[in-house]
Amino acid sequence: MKWMVLACILLVLMAGVGERTTHFDVKYSDAKAFVPGAGRTLEDAYRAVNDYFGDLPASVKVIIIDGEEMDNVGKHVEAFSAWNNRSSTVVLRDQTLKDKKSLAVVAKHEICHLALNDLLEKKGGRDFRWLEEGTCMVVSKEPLDEVKVDKYIVSHGFMSLPEIAKAIDNNEYDVCKNGYLQSYSLCKYIVARYGIAALVDLIKSPTQGFEAAFRQETGRAFGPFYEAWKEDVQKKAKGVPATNVVSIRGYLCLDGVA
């Protein structure tokens, strides 16, 4: 059914209802979906993400489509982004615009993907792909219940980095959700231990292999760090308070977690 969404997007691009800001060309499938101030929220999200990465495209198309059309992509999908060397596009569900707080988070998440695409593309391999969603969730500060996240991960079993990447790309919602949450939790733990700058530098590192880049940026082997993360998640899932860990909060439409 995705071809139906693509057809809808083409129609929207040809429609006359829209809004222009410094970095965004916004098109609406329906004039009734127009929300004053949405462009300002997008610009705020752009600045927040660009402060971390500094590589966002100067111009981004934003397509606002009807909820039923977005359901053809997935009923849990609030937005998605598309990127190539010539164009960057973010597609949003029209309902998302009605809540400015939700729009701010969703916009930052999708704009973060646009910042990461070029960086990850240059690395060539898939070593870093597992952390893309987690990074976007951390940067956008998605309002997840951390204890529920930890309990969910423990109940489903810890995955390796390749398994996380594979789960994120899975079409089954529960499998995909598990991948998202484990990516998020691991990225959040990196930030808690080393700061957000370390996560950004890790992604920007010219070193091709993830574990080599991790050692280079943190001074620590990834294996022991991964085991420390697992122990931390297990403790918090049992209600044991974490020590010396900065709390990172965020938002994604994940049933049973938020």
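Check the entry above for the structure.
Residues numbered from 1 in each chain as written. Predicted model: local features only at pLDDT ≥ 70, side-chain atom pairs only at ≥ 80, totals over all residues. Heavy atoms only, no water.

K.L.:
So what's going on with the overall build of the chain? Residues and values would help.
P.N.:
The helix and strand tally for the chain stands at 11 helices and 5 strands. Put simply, the chain has 258 residues, and 49% of those count as buried. For the chain, the exposed surface amounts to about 12600 Å²; the carbon and sulfur share of it is 51%. (Helix = DSSP H or I, 4+ residues; strand = E, 2+ residues; numbered from the N terminus. Buried < 20%, exposed > 50% of the residue type's maximum accessible area, 1.4 Å probe, protein only. Areas by Shrake-Rupley, 256 points an atom, 1.4 Å probe, with all protein chains shown as cover.)

K.L.:
Describe the sheet that holds strand β2 (residues 24–28), with residues and values.
P.N.:
Here 5 strands make up an open sheet; going across it, the order is β1-β2-β3-β5-β4 and the pairing mixed. With one partner strand each, in any of the chains shown, β1 (18–20) and β4 (79–83) form the two edges of the open sheet. On average, adjacent strands in this sheet sit at an angle of 15° to one another, irrespective of strand direction. Lying over the sheet, helix α2 (residues 38–53) contacts β1, β2 and β3 (60–65), oriented at roughly 140° with respect to β2. (Pairing = 2+ DSSP bridges. Axes fitted to C-alpha atoms, helices over the stretch in contact; angles between N-to-C directions. Contact = heavy atoms within 4.5 Å.)

K.L.:
If you had to explain helix α6 (residues 146–156) to someone new, which residues and values would you point to?
P.N.:
An α-helix turns once per 3.6 residues; consequently, residues spaced three or four apart project the same way. Taken residue by residue, α6 has Glu 146, Val 149, Asp 150, Tyr 152 and Ile 153 as its buried positions. Projected down its long axis, α6 carries its buried residues within an arc of 160°, all on one side. (Arc of directions from axis to C-beta.)

K.L.:
Quick rundown of the pattern of salt bridges? Include the residues and the values.
P.N.:
Per the stated rule, a full pass over the model turns up 11 salt bridges. The shortest N-O distance in the salt bridge between Arg 93 and Asp 71 comes to 3.0 Å. Remark: Asp 71 occurs in helix α3 (residues 67–71) and Arg 93 occurs in strand β5 (residues 88–93); sequence separation between them is 22 residues. Looking at Arg 93, the relative accessible area reads 8%, which means it is buried. Overall, Asp 71 belongs to the partly exposed group, its relative accessible area being 27%. (Salt bridge = Lys/Arg side-chain N within 4 Å of Asp/Glu carboxyl O.)

K.L.:
I'd like to hear about the nonpolar core, residue by residue, with values.
P.N.:
One finds Phe 53, Val 62, Leu 92, Trp 130, Leu 186 and Phe 210 to be the most contacted residues of the largest nonpolar core, which totals 67 residues. In terms of residue count, the dominant contributor to this core is helix α4 (residues 100–123) (10 residues). Every residue in contact with Phe 53, bar those within four places of it in the chain, is listed here: Cys 112, Ala 115, Leu 116, Leu 119, Thr 135, Val 139, Val 200, Ile 203 and Lys 204. (Core = buried A, V, L, I, M, F, W, Y, C linked by side-chain atoms within 4.5 Å.)

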